[in-house]
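Residue strings, one per chain:
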Amino acid sequence: MAAALTADQIAIVKATVPVLKEYGNTITDVFYKNLISENPSLNNVFSKTSQDTLRQPRALAGAVLAYATYIDDLGKLTAAVERIAHKHVSLQVSPEQYDVVGKYLIQAIGQVLGDAATPPIVDAWTAAYGALAGVFIGREGQMYKANEADGWSGWRKFRITRKVAETDAITSFYLAPSAGPALPRFLPGQYISLQVLVPALGYLQSRQYSLSEAPRDAGNYYRISIKKDEGDEPGVPGIISNLLHGNYSEGDEVELSHPQGEFFVDPSDAAKEGVPAVLISVGVGATPLLSILGSLVPQEGTAKKPVVRPVSWIHASRSSATQPFIGEVNKIKAGNANVSTHVFLRTITADNQHGVDYHSGETRLDLDKLDKDSDLYLDDKRTEYFICGPEAFMIDLRRALADLGVDKARVHLELFATGDVPDE
């Protein structure tokens, strides 16, 4: 990315870091307001909820700040670039849209900074944005070509063939293509983007949902499991989750894009033979991990057996009424000696059976209540940890594992919301 910039331009961009820390959120607020008001078709691309909660402009401000900070050491941004590129491809972002975004971003910098946005600063940031856009366009182009090789380009119509309640708030949607070629395999842990028209808004909205079953050879449907989202912000409930739960029935159509995502396990990777995989989730965070769990054991519909890895499933829910997939997990455990489970329930009822429905009761997920070797595999320095849940939970758990001697490179986090997980 920095190769297209002169040394002076790199120095100028780095010199703007203090300014971005102070005015970054204001710049991105102005950017989105101008961009969308003058290009209303982009309402179909950007999440209305993320705009209303300001997560979208805050996430962009953080990304711009990170780019300015590490513009002379861009290797530190490789993982973030990969994650964002997958998200862009899932949303069908085009190269032409980068030009539009660049125009309004530079315009917002000038509007907010006024006379402080000198010609050298504007020129340096224009070059810096162009270089970064080139990297994204190149990487995303590779992904689009791979998807086209699967016979899948753009949005594709799918029919809801089944709706199954997993809990009072979580429903699984079974989605089969309305027409076209067979479904491509995906990597367990990945997600799809689902797009529908929101009548109350008058435009399309897309959301990302993890695939909650392991991939199968020649699979004829995808399954996603969606929680009816009351929203993180008061008065801002999840638009798409509530619409799908309440307004969509079996037989209705939605649109999906090709599976994407950098949070995954490759069950055929021979280098992982014998390497323990610890899967830790809270609530609906179990969805991508259930796909990973199912892929690490032999299964019907898949001829090739996965490499053999010890697998530890660790999950926490408020109660059995809010706990998804316990039947599926227990069935997998019963049929596979390499799988162990430990479930935390904060509320125990008379119907809950210890060792079946839960292992630790009346408590949150607590690493101290787990066996350090048989549950967490801390004795094996190769062990990989895959974590999904609320952002604060994931950060705290990563910190706790670090305190137990786990290298951060072996801890993989899946983030549902807009933005990035702080790199502590």
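Residues numbered from 1 in each chain as written. Predicted model: local features only at pLDDT ≥ 70, side-chain atom pairs only at ≥ 80, totals over all residues. Heavy atoms only, no water.

1. What about the overall build of the protein?
The secondary structure content of the protein amounts to 11 helices and 12 strands. Scaling as 2.2 N^0.38, a compact globule of 424 residues should have a C-alpha radius of gyration of about 22 Å, and the protein matches this with 23 Å. Expressed along its principal axes, the backbone C-alpha trace of the protein runs to roughly 70 × 50 × 45 Å. When each of the 424 residues of the protein is scored for burial, the buried share is 49%. Put simply, 74% of the contacts in the protein that link residues at least 6 apart link residues at least 24 apart. Roughly 19,200 Å² of accessible area belongs to the protein as shown, and the carbon and sulfur atoms make up 53% of that amount. Placing the 40 positive and 52 negative side-chain charges of the protein at their respective mean positions leaves the two points 2 Å apart. (Helix = DSSP H or I, 4+ residues; strand = E, 2+ residues; numbered from the N terminus. Rg over C-alpha atoms; globule rule 2.2 N^0.38 Å. Buried < 20%, exposed > 50% of the residue type's maximum accessible area, 1.4 Å probe, protein only. Contact = heavy atoms within 4.5 Å. Areas by Shrake-Rupley, 256 points an atom, 1.4 Å probe, with all protein chains shown as cover. Lys, Arg positive; Asp, Glu negative; His and termini not counted. Charge placed at Lys NZ, Arg CZ, Asp CG, Glu CD.)

2. Digging into the side chain of R156
Secondary-structure assignment places R156 in strand β1 (residues 156-165). Despite its burial, R156 pairs with no opposite charge, the nearest such side chain being D150 at 8.9 Å. Among residues more than four places away in sequence, those in contact with R156 are P177, A179, G180, P181, A182, L183, V254, E255 and L256. (Salt bridge = Lys/Arg side-chain N within 4 Å of Asp/Glu carboxyl O.)

3. Description of the packing of aromatic side chains
Here the distance between the centres and the angle between the planes together describe a pair of aromatic rings. One pass over the full model with this rule turns up 10 aromatic pairs. Grouped by ring-pair contacts, the aromatic residues W152, F158, F186 and Y222 constitute a single cluster. Between R156 and the ring centre of W152, over which it is positioned, the NZ or CZ distance is 5.2 Å. One cation-aromatic arrangement involves R216 over Y221; the distance from NZ or CZ to the ring centre is 4.3 Å. (Phe/Tyr/Trp six-rings, centres within 6.5 Å; stacked < 30°, edge-to-face > 60°. Lys NZ or Arg CZ within 6 Å of the ring centre and 35° of its normal.)

4. Quick notes on a positive patch on the surface
A surface patch of like charges, here positive, comprises K227, R318, R346 and R364. Along the chain, the position of K227 falls in strand β5 (residues 222-227). (Patch = residues over 30% accessible without salt bridge, like charges linked within 9 Å, V, L, I, M, F, W, Y side chains within 5 Å.)

5. A closer look at the pairing of strand β3 (residues 191-198)
The two faces of the sheet receive side chains in turn, since in a regular strand these alternate between them. In terms of burial, β3 is a largely internal element, seven of the eight residues being buried. Inspection of the sheet shows β3 paired to strand β4 (residues 203-210) by eight bridges, in the antiparallel sense. Bridging across to β4, L194 finds its partner in R207. Between the antiparallel neighbours β3 and β4 lie four residues, among them G202 with a positive phi of about 85 degrees. Sheet analysis places β3 next to strand β6 (residues 253-256), joined by two bridges and oriented antiparallel. Considered in β6, the bridge of Q195 is made with E255. (Pairing = 2+ DSSP bridges.)

6. Points about the pattern of salt bridges
By the definition in use, this model includes 15 salt bridges. For K48, the salt bridge is made with D52, and the minimal N-O distance between the two is 2.8 Å. You can see K48 and its partner D52 sitting in helix α3 (residues 48-52), four residues apart, about one turn around the helix. Here E391 makes a salt bridge to R55, at a shortest N to O gap of 3.5 Å. With E391 in helix α11 (residues 391-403) and R55 in helix α4 (residues 55-69), the pair connects residues that are 336 residues apart, well separated along the chain. With a relative accessible area of 27%, E391 lands in the partly exposed category. If you follow the salt bridges from partner to partner, you end up with E213, R216, R223 and E328 in one network.

7. Side note on unusual backbone geometry
One non-glycine residue with positive phi stands out, namely Q92, at about 65 degrees. Here Q92 lies in the loop between α5 (78-90) and α6 (95-113).

8. Some details on the pairing of β6
A one-sided burial pattern is seen for β6, the buried positions being V254 and L256 and the unburied ones E253 and E255. Direction of pairing for β1 relative to β6: antiparallel, over a ladder of four bridges. The residue bridging R159 from the neighbouring strand is E253, located in β6.

9. A closer look at the nonpolar core
With 43 residues, the main nonpolar core has V13, F31, Y67, I71, W125 and A128 as its most contacted residues. Setting aside residues up to four positions removed in sequence, W125 forms contacts with V13, T16, L20, V64, Y67, A68, I106 and I109. In terms of nonpolar packing, the next biggest core, distinct from the first, is built from 22 residues, F173, F186, I226 and L243 among them. (Core = buried A, V, L, I, M, F, W, Y, C linked by side-chain atoms within 4.5 Å.)

10. Examining the UniProt feature "domain: Globin" (unreviewed entry) in the protein
UniProt records the feature "domain: Globin" (unreviewed entry) at residues 4-141, using the numbering of this structure. Helix makes up 77% of residues 4-141 and strand 0%. Its end C-alpha atoms lie 19 Å apart. (UniProt positions renumbered as here; feature names shortened; annotations may be inferred.)

11. Some points on the packing of helix α2 (residues 17-38) against α6
Packing of α2 against α6 leaves a shortest axis separation of 8 Å and a crossing angle of 125 degrees. Classified by the interaxial angle, the pair formed by α2 and α6 is oblique. Read as a crossing pair, α2 and α6 show a hand that is right-handed. Here V19, Y23, T26, I27, V30, F31, N34, L35 and E38 of α2 come into contact with α6, specifically with V100, V101, Y104, L105, Q107, A108, I109, Q111, V112 and L113. Classifying every residue of the contact of α2 with α6 by side-chain character gives 14 nonpolar, four polar and one charged. (Axes fitted to C-alpha atoms, helices over the stretch in contact; angles between N-to-C directions. Parallel < 35°, antiparallel > 145°, perpendicular 65-115°, else oblique. Left-handed = near helix turned anticlockwise from the far one by under 90°. Nonpolar A, V, L, I, M, F, W, Y, C, P; charged D, E, K, R; others polar.)

12. Things to note about helix α10 (residues 326-334)
Note that an α-helix has 3.6 residues per turn; residues three or four places apart therefore point the same way. Where α10 is concerned, the buried positions are I326, V329 and I332. Within α10, the buried residues cover an arc of 130 degrees as seen down the axis, which keeps them to one side. Exposed positions of α10 whose direction lies more than 90 degrees from the buried face are K331 and A334. For α10, the elements touching its buried residues are α9 (286-295), β8 (311-317) and β9 (339-345). (Arc of directions from axis to C-beta.)

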